[in-house]
Amino acid sequence: MTRSSVTTPPPGAGRLQAAPGGPAPGSPLGSHYGDCFGCGERHPTGLHLRATTPDGLTVVAEFTVGEAHQGAPGLAHGGVLAAAMDEVIGMSVWLFQRPYVTGRLETDYLAPVPVGTTLHLRAWCTGVSGRKAYLEAEGRAGSPDGPVAVRAAALFIEVGMEHFARHGDAKAIADEHHEYEVNP
Ligand SMILES: CCCCCCCCCCCCCC(=O)SCCNC(=O)CCNC(=O)[C@H](O)C(C)(C)COP(=O)(O)OP(=O)(O)OC[C@H]1O[C@@H](n2cnc3c(N)ncnc32)[C@H](O)[C@@H]1OP(=O)(O)O
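A quick note: this is a predicted structure, and the numbers were derived from the prediction, not measured.

Thoughts on the overall build of the chain
- For the chain, the helix and strand inventory stands at three helices and seven strands.
- If you list the helices and strands of the chain from N to C, you get β-β-β-α-β-β-β-β-α-α.
- The C-alpha atoms of the chain give a radius of gyration of 16 Å, which matches the 16 Å a tight globule of 184 residues would have.
- On the principal axes, the C-alpha backbone points of the chain span a range of 50 × 40 × 30 Å.
- The burial tally for the chain puts 32% of its 184 residues in the buried class.
- A separation threshold of at least 6 residues defines the contact pool for the chain, and within that pool the share at least 24 residues apart is 65%.

Some remarks on the site of the ligand
- Around the ligand, a shell composed of 21 residues is seen, among which G90, V101, T102, G103 and I157 lie nearest.
- Secondary structure elements with two or more residues in the shell around the ligand: helix 1 (78-94), strand 4 (100-109), strand 7 (148-158) and helix 3 (170-176).
- Element by element, the count of residues in the shell around the ligand is highest for strand 4, at four residues.
- Split by residue class, the shell around the ligand holds nine nonpolar, six polar and six charged.

Quick look at the environment of S27
- By the secondary structure assignment, S27 is in the segment before strand 1 (28-29).
- Between the alpha carbons of S27 and T52 there is a distance of 5.7 Å; along the sequence they are 25 residues apart.

Quick notes on the UniProt feature "domain: Thioesterase" (unreviewed entry) in the chain
- Within this structure's numbering, the places UniProt gives as "domain: Thioesterase" (unreviewed entry) are residues 74-143.
- Segment residues 74-143 splits into 24% helix and 46% strand. End C-alpha atoms: 20 Å apart.

Things to note about the pairing of strand 3 (residues 59-64)
- Pairing geometry for strand 2 (residues 50-52) and strand 3, over three bridges, is antiparallel. Looking across to strand 3, one finds that R50 is bridged to E62.
- Where strand 2 hands over to strand 3, the hairpin turn is made up of six residues, of which G56 adopts a positive phi near 80°.

Some remarks on the nonpolar core
- In terms of nonpolar packing, the biggest core is built from 41 residues, with V59, A61, A84, V88, I89, L121 and L135 touching the most fellow members.
- Secondary-structure elements contributing two or more residues to this core are strand 3, helix 1, strand 5 (118-129), strand 6 (132-141) and strand 7.
- Among the elements that take part in this core, helix 1 stands out by supplying ten residues, more than any other.
- Ignoring any residue separated from it by four or fewer positions in sequence, one finds L121 in contact with V60, A61, E62, F63, A84, V88, A137 and G139.

Structural notes on the sheet that holds strand 2
- Strand order in the open sheet formed by seven strands is 1-2-3-5-6-7-4, and the pairing between neighbours is antiparallel. In the strand order of this sheet, the two ends are held by strand 1 and strand 4, each with one partner.
- Pairing of strand 6 with strand 7 involves nine bridges; the strand directions are antiparallel. Each bridged residue has a counterpart across the sheet, and for G139 the counterpart in strand 7 is V150.
- Here helix 1 sits on the sheet and contacts strand 1, strand 2, strand 3, strand 4, strand 5, strand 6 and strand 7; the angle it forms with strand 6, its principal contact strand, is near 125°.

Brief notes about the environment of G46
- With respect to the element layout, G46 can be found in the loop between strand 1 and strand 2.
- Note: C-alpha distance between G46 and A84 (38 residues apart in sequence) is 9.9 Å.
- When sequence neighbours within four positions are dropped, the list of residues in contact with G46 reads C36, F37, G38 and G40.

Quick notes on unusual backbone geometry
- Residue H48 is not a glycine yet carries a positive backbone phi of 50°.
- With respect to the element layout, H48 can be found in the loop between strand 1 and strand 2.
- Taking the C-beta count within 10 Å as the criterion, H48 has 18 such neighbours and is therefore assigned partly exposed.
- A positive phi angle, near 65°, is found at Q97, a position not held by glycine.
- Mapped onto the elements, Q97 comes out in the loop between helix 1 and strand 4.

Conventions adopted
- Residues numbered from 1 in each chain as written.
- Predicted model: local features only at pLDDT ≥ 70, side-chain atom pairs only at ≥ 80, totals over all residues.
- Helix = DSSP H or I, 4+ residues; strand = E, 2+ residues; numbered from the N terminus.
- Rg over C-alpha atoms; globule rule 2.2 N^0.38 Å.
- Buried ≥ 20, exposed ≤ 12 C-beta atoms within 10 Å, placed from the backbone.
- Contact = placed C-beta atoms within 7 Å.
- Near = placed C-beta within 6 Å.
- Nonpolar A, V, L, I, M, F, W, Y, C, P; charged D, E, K, R; others polar.
- UniProt positions renumbered as here; feature names shortened; annotations may be inferred.
- Pairing = 2+ DSSP bridges.
- Core = buried A, V, L, I, M, F, W, Y, C linked by C-beta atoms within 7 Å.
- Axes fitted to C-alpha atoms, helices over the stretch in contact; angles between N-to-C directions.

Structure, rendered in C-alpha cells:
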C-alpha cells in the first residue's frame, strides 16, 4: 500500500482494544443509518454493504458492483470504490463504540472491477493516538482470497455525537440511535 505519513501511525501509537459491550465476534453489524449511501437499506442505488466482525476488531463486508456504480461502461467508478473503502473502514471504527469521521482517505486501484463483481472487503485498525485512528482496508474480487483490486489507508478523527447533530439532521439521528444522547 502506498500511504502517506498522515495515514501512518506515529511511533508509540496504541493498539485498538475490543470495546466492552461492542458486537460479539461473528455477529452481523447493522446499518448506522437507513439512508446511508454505503450501508443504508432504504438507499435505492447505494452500496448496500452487509458486514460482520469475525473477531470484534476487524470488519468483513461484501459489495456487488451494480449498473448504478459505473464509471467507464461496464466498470466500477473509482469514486464508488473509494466510498466502499470509506464505508467498511467507517464500520470498523464503529466497533470502538465511539463516533469517528473520515479526515483523510488514500486509495490504490490495482485492477478494474467489472459490473457484477462481488468485492470482498476487509478493514482493520493499525493504531490509535489521541483522537486519531489509523486504518486500512482492501477489496478482493470474487472471493475472500481473490486478487486485491483496491486498497485504502485512512485517518479517522474521533468526534462527539453532537458533531452529527450540529452539522446534520439531529432528528434523524435521534430516531435511529436511541442509545445515544446527541445533545448532552
Ligand atoms: C446516524 C448515525 C450517526 C452516527 C454516524 C456514524 C458515522 C459513520 C459514517 C460512515 C461513513 C464513513 C465515514 C465518513 O464518510 S465521515 C464523512 C466525511 N468526513 C467529514 O465530513 C469530516 C469533515 N471534517 C471535519 O468535520 C473536521 O475537519 C474534523 C472533525 C475531522 C476535525 O476537526 P476538529 O476541529 O474536531 O479537530 P482538528 O482540526 O483540531 O483536528 C484534530 C487532529 O486531527 C488532525 N486532522 C484532522 N483532519 C486531518 C486531515 N484531513 N489530515 C491530517 N490531519 C488531520 C489535525 O491536524 C489535528 O491533529 P493534532 O494537531 O491534534 O495533532
